[in-house]
Amino acid sequence: MTQPTDNTREALLAAALNATERGWHVFPLRPSSKQPALHGADRCRQTGDCANGHLKWEQRASTDPERIRTCWETSTANVAIATGPSGLVVVDLDMPKDKDCKGSSDAPDGAAHFAALCERAGHAVPDTYRVRTASGGQHLYFTAPPGIRLTNTAGTIAPLVDTRAWGGYVVAAGSITPAGAYEAVGGPVVAPLPAWLLSILKPTPKPSQAPSMAVAGQSRRYADIALASEVRNVTRAQLGEREAKLFRAARALGRFIAWGDLPRSVVEQALQQAGESAGLPPSQCRATLRSALNWSITHNQTRRNTA
């Protein structure tokens with residue numbers, strides 16, 4: 001049953017104030033929607049907050065309780081949290097869409113893919129504040145690491161797993177859409193972003209200084225041999241081991257990208273074709289390759305003896 005308007009307004013005001021009490025910057029969404037309710041640049045009158053130029057939602061998100069009360073006391077707007085200004089990184093575990101699961105109700109969701117990623121990394125699924133979304137997915141909240149500006153990702157770490165940081169926002173617990181409500185589940189504590197997950201998400205550093213010509217030539221020959229070997233291993237992988245072999249191959253070859261011996265595009269294309277030949281979906285190959293290569297490149301900045 002739909003709640004009376006007054007009750008809905010009070011609940012949404014409470015949700016916005018609860019978020020600001022945590023130091024999170026919020027702004028209004030359209031009622032029963034996930035779309036920002038703030039005006040765009042084309043309708044900006046250059047007044048108020050925008051007196052010195054149009055401000056986007058990320059810049060206008062606020063932690064001021066009085067400002068929040070003024071907005072939500074007369075509105076049933078849903079609540080958005082601007083993740084970047086709030087010092088948050090939110091991992092969005094989505095549900096499979098019809099076009100992704102090809103009619104199968106057994107298709108893994110984002111939570112399953114993320115759990116598999118955690119297992120491969122040798123860690124348990126992080127225990128942190130989480131929100132169940134209207135679609136049945138989950139938002140895992142983490143505090144952002146200091147000194148590193150992370151941005152949004154889509155499928156970078158695993159299929160159906162996105163992240164929201166600078167440039168992004170999430171719908172806060174307490175908001176309501178036609179598909180259902182956003183509800184806080186689990187404990188209230190927001191954990192720091194795990195180091196192993198940060199290694200996947202942070203920007204790829206610049207390649208280290210090039211080695212001597214003799215060392216470079218030897219390493220490139222070794223890299224070509226390694227690439228051919230890993231492509232064979234992935235192509236011949238059997239059911240049940242295909243993603244694991246693709247993941248290990250990308251981890252093994254990422255060091256050659258970091259050292260400048262192989263272009264990333266060459267490695268990605270070769271392993272993408274090998275994974276698809278083994279029977280993996282293209283989107284799953286791309287996501288696995290991105291996360292494994294990002295990790296390997298980050299952790300192999302210093303050249304080692306490959307002989």
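Conventions used here
Residues numbered from 1 in each chain as written. Predicted model: local features only at pLDDT ≥ 70, side-chain atom pairs only at ≥ 80, totals over all residues. Heavy atoms only, no water. Helix = DSSP H or I, 4+ residues; strand = E, 2+ residues; numbered from the N terminus. Expected span 1.5 Å × (residues − 1). Buried < 20%, exposed > 50% of the residue type's maximum accessible area, 1.4 Å probe, protein only. Arc of directions from axis to C-beta. Polar contact = N/O pair within 3.5 Å; in protein donor to acceptor, adjacent residues only side chain to side chain. Pairing = 2+ DSSP bridges. Axes fitted to C-alpha atoms, helices over the stretch in contact; angles between N-to-C directions. Contact = heavy atoms within 4.5 Å. pLDDT = per-residue confidence, 0-100. Phe/Tyr/Trp six-rings, centres within 6.5 Å; stacked < 30°, edge-to-face > 60°. Lys NZ or Arg CZ within 6 Å of the ring centre and 35° of its normal.

A. Helix α5 (residues 110-121), seen in detail. Across its 12 residues, α5 extends 16 Å between first and last C-alpha, which sits within 8% of the 16 Å expected from 1.5 Å per residue. Of the positions making up α5, those classed as buried are Gly 110, His 113, Phe 114, Leu 117 and Cys 118. All buried residues of α5 project into a common sector of 140° when viewed along the axis, lining one side. At the N-terminal boundary of α5, the capping side chain belongs to Asp 109, with an oxygen 3.3 Å from the backbone nitrogen of Ala 111. Two residues or fewer after α5 comes Gly 122, characterised by a positive phi angle close to 85°.

B. Geometry of the environment of Pro 108. Among the secondary structure elements, Pro 108 is positioned in the loop between α4 (98-101) and α5. In this structure, the C-alpha to C-alpha distance between Pro 108 and Met 95, residues 13 residues apart in sequence, is 8.2 Å.

C. Region of the structure containing the pairing of strand β7 (residues 161-164). Sheet topology places strand β3 (residues 88-93) next to β7; four bridges connect them, and they run antiparallel. Paired with Asp 92 across the strands is Asp 162, a residue of β7. When strand β6 (residues 153-158) meets β7, the two strands line up antiparallel, connected through three bridges. Within the sheet, the bridge partner assigned to Ala 154 lies in β7 and is Asp 162. Hairpin geometry of β6 and β7 is characterised by an intervening segment of two residues between the two adjacent antiparallel strands and by a positive phi of about 60° at Leu 160.

D. Region of the structure containing the sheet that holds strand β2 (residues 78-82). Taken together, the three strands give an open sheet; going across it, the order is β1-β2-β8, and neighbouring strands pair in antiparallel fashion. In this open sheet, the two strands that pair with only one neighbour each are β1 (26-29) and β8 (169-171). For this sheet the average axis-to-axis angle between neighbouring strands, irrespective of direction, equals 35°. Across four bridges, the pairing between β1 and β2 is antiparallel. Each residue of the ladder has a partner; that of Val 26, found in β2, is Ile 81.

E. Representation of the pairing of β2. For β2, the buried fraction is high: five of the five residues fall into the buried class. Here β2 shows no split at all, with Asn 78, Ala 80 and Ala 82 on one side and Val 79 and Ile 81 on the other all buried. As paired elements, β2 and β8 share three bridges and run antiparallel to each other. Bridged to Ala 80 within β8 is Val 171.

F. Local environment of helix α10 (residues 282-298). With 17 residues, α10 extends 24 Å between its outermost C-alpha atoms, agreeing within 8% with the 24 Å of an ideal straight helix rising 1.5 Å per residue. Of all 17 residues in α10, 12 are buried; the element is thus mostly enclosed. Looking at α10, one finds that the buried residues are Gln 284, Cys 285, Ala 287, Thr 288, Leu 289, Ser 291, Ala 292, Leu 293, Asn 294, Ser 296, Ile 297 and Thr 298. In this structure, the buried residues of α10 make contact with β6, α6 (195-201), α8 (242-258) and α9 (264-278).

G. Layout of the confidence of the model for the protein chain. Predicted confidence across the protein chain gives a mean pLDDT of 86, with 89% of residues reaching 70 or more. Under a pLDDT of 50 for its full length, residues 99-104 has, in the predicted model, four contacts with residues more than four places off or in other chains.

H. Focus on the packing of aromatic side chains. Going through the model one piece at a time under the given rule, you end up with eight aromatic pairs. Grouping aromatic residues by their ring pairs yields a cluster made of Trp 24, Tyr 129 and Tyr 141. Positioned above the aromatic ring of Tyr 129 is the side chain of Arg 22, whose terminal nitrogen or guanidinium carbon lies 4.6 Å from the ring centre. Over the ring of Trp 166 we find Arg 149, and its NZ or CZ is 4.0 Å from the ring centre.

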